[in-house]
Amino acid sequence: MPEGHTLHRIARDLHATFAGQVVEVSSPQGRFAAGAALLTDHELVEARAHGKHLFVEFAGDRILHVHLGLIGTFTIDEAAYVGERPVIGQVRCRIASQRHVADLRGPMTCAVVTPEQEDAVHAKLGPDPLRDTDGGPAWERVHRSRKSIAALLMEQDVIAGVGNVYRCEVLYRHRINPATPGERLKRASWDLIWADLRRLLPLGVATSRIVTVDEQVEQVEAALAQGEGVHLTERTSYVYKRTDEACVVCGSKVRAKDVAGRTLYWCGNCQRRS
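Residues numbered from 1 in each chain as written. Predicted model: local features only at pLDDT ≥ 70, side-chain atom pairs only at ≥ 80, totals over all residues. Heavy atoms only, no water.

### So, the overall build of the protein chain
When its secondary structure is counted, the protein chain shows 8 helices and 10 strands. For the protein chain, the C-alpha radius of gyration of 20 Å lies close to 19 Å, the compact-globule estimate for 274 residues. The buried share among the 274 residues of the protein chain stands at 51%. Within the protein chain, contacts between residues separated by at least 24 positions form 63% of all contacts whose residues are at least 6 apart in sequence. Here the protein chain displays about 12,900 Å² of accessible surface, and carbon together with sulfur accounts for 47% of that area. Separation between the mean location of the 35 positive side-chain charges and that of the 34 negative ones in the protein chain comes to 8 Å. (Helix = DSSP H or I, 4+ residues; strand = E, 2+ residues; numbered from the N terminus. Rg over C-alpha atoms; globule rule 2.2 N^0.38 Å. Buried < 20%, exposed > 50% of the residue type's maximum accessible area, 1.4 Å probe, protein only. Contact = heavy atoms within 4.5 Å. Areas by Shrake-Rupley, 256 points an atom, 1.4 Å probe, with all protein chains shown as cover. Lys, Arg positive; Asp, Glu negative; His and termini not counted. Charge placed at Lys NZ, Arg CZ, Asp CG, Glu CD.)

In C-alpha cells:
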C-alpha cells in the first residue's frame, strides 16, 4: 500500500500541474461517471493530502476524495501532448488540461465529497508528520494503549501516513523493541520516532522512494540542500524484507512475523529499547 509520502507527492504534482486551471474530468472506465460530471469544466483550486488520503478541491466546494488502497495509482503525464490521449488500463478518473493529463487507476476510494465530509475524514486521522509539527496528540493515544508500538504505528487514527516500511525501519533506527506496549514506551523514545518520521518522509516526497539508511539519507539531504537532483542507484533497508538475513550492525538474523495485518521485520538483538 502506498505510504503517506506518495500521496503528498501526488498532491504536490497535481497542484503544480493543474491548480488555477479549468480542467476536464472524465471516467473512461465508467465507474466514476456521475462524480466526474460534477467536477468537469470547473477550476482545480488545490490538491492536498493527509496521511494516505488525497483531496483535490474544485471551484464550487466540490472535492475529489481519493484513497489509493493496496493497488491504486495516480499518474501524471508531465509532457505536453497534442490530440486525444489514449486510455491505458482501467482509468477510474482522468483530469486533463490542454497540455497535461492525470489518470487514477484502481483506488479504494474515489468520490466527490463536501467540505464537511472532508473535515470528518480529517477528524478521524492522527497527526501527519508531513503536515503537522506536533506529535503530542499521537503520543496521547500511544501512551494510553496496551497495544504494541509496532501495531500502533499502523493505526491511522494514531499517526497518519505511516505504513509498514517506515514502521519497520524507524523502529530499527532507534533500536526500539516493536513489542513494547504503548503504555510502557518512554516519551523520549516517542519523540525520537516522531522527529525521525518528520525527517524521513519529506525525503520520500522529494525522491519518490522510501529512504531510511543513514548513508542514503545524508546523500539525499546534501543534494536537496544544494538544489541538486537525487540519483539513488538501489533501494536499501535495514530490516524491511530482509528475513533471515544478517543484521547490518550485529549479524543476528532479521526476524519476521505478522503484526497488525502486515509483516513486521526487526532485529531481536539490536531492538531492545523500550
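### Topic: helix H8 (residues 214–225)
With 12 residues, H8 ought to run about 16 Å at 1.5 Å a step, and its terminal C-alpha atoms sit 16 Å apart, in line with that. Those residues of H8 lying buried are Gln216, Val217, Val220 and Ala223. Projection of H8 onto a plane perpendicular to its axis shows the buried side chains occupying an angular sector of 135°, all on one side. Residues of H8 that are exposed and angled more than 90 degrees away from the buried face: Glu215, Glu218 and Ala225. Buried positions along H8 lie against helix H6 (164–173) and helix H7 (187–207). Phi for Gly227, located one or two positions after H8, is positive at around 70°. (Expected span 1.5 Å × (residues − 1). Arc of directions from axis to C-beta.)

### Comments concerning the packing of aromatic side chains
Summed over the entire model, instances satisfying the criterion amount to 2 aromatic pairs. Relative to Tyr265, the ring of Tyr240 has its centre 5.4 Å away and its plane inclined at 80°; by these criteria the two rings are edge-to-face. Here Tyr240, found in the loop between H8 and strand E9 (255–259), pairs with Tyr265, found in strand E10 (residues 262–266); they are 25 residues apart in sequence, far enough to count as distant. Residue classification places Tyr265 among the buried positions, given a relative accessible area of 10%. Above the plane of the ring of Tyr172 lies Arg175, whose end atom (NZ or CZ) is 4.5 Å from the centre. (Phe/Tyr/Trp six-rings, centres within 6.5 Å; stacked < 30°, edge-to-face > 60°. Lys NZ or Arg CZ within 6 Å of the ring centre and 35° of its normal.)

### Some thoughts on the environment of Ala123
You can see Ala123 is positioned in helix H3 (residues 115–124). For the pair Ala123 and Glu24, spaced 99 residues apart in the sequence, the C-alpha separation amounts to 31 Å.

### Concerning the environment of Gly182
Relative to the helices and strands, Gly182 is located in the loop between H6 and H7. As a C-alpha pair, Gly182 and Arg94 span 88 residues in sequence and 42 Å in three-dimensional space.

### Re the domain arrangement of the protein chain
The domain boundaries assigned to the protein chain delineate domain 1 (4–123) and domain 2 (135–267). Centre-to-centre separation of domain 1 and domain 2, based on C-alpha positions: 29 Å. Each partner contributes to the interface: domain 1 provides 8 residues, whereas domain 2 provides 14 residues. Ranking the residues of domain 1 by area buried against domain 2 places His5, Arg9 and Lys52 at the top, with a combined share of 68%. Between the two partners, domain 1 and domain 2, sit 3 residue pairs in polar contact (both at pLDDT 80 or more). Here the side of domain 1 that touches domain 2 takes 5 residues from helix H1 (residues 4–18), the largest share from any one element. Counted by class, the side of domain 1 that touches domain 2 contains no nonpolar, 5 polar and 3 charged residues. (Domains from an automatic or database assignment. Buried area = accessible area lost by both parts, 1.4 Å probe. Polar contact = N/O pair within 3.5 Å; in protein donor to acceptor, adjacent residues only side chain to side chain. Nonpolar A, V, L, I, M, F, W, Y, C, P; charged D, E, K, R; others polar.)

### Focus on the pairing of strand E2 (residues 42–50)
In the sheet, strand E1 (residues 22–26) pairs with E2 via 2 bridges, with the strands oriented antiparallel. Looking across to E2, one finds that Val22 is bridged to Glu43. As judged from the 6 bridges shared by E2 and strand E3 (residues 53–58), these two strands associate in the antiparallel manner. Its bridge partner lying in E3, Arg48 is registered against Phe55. (Pairing = 2+ DSSP bridges.)

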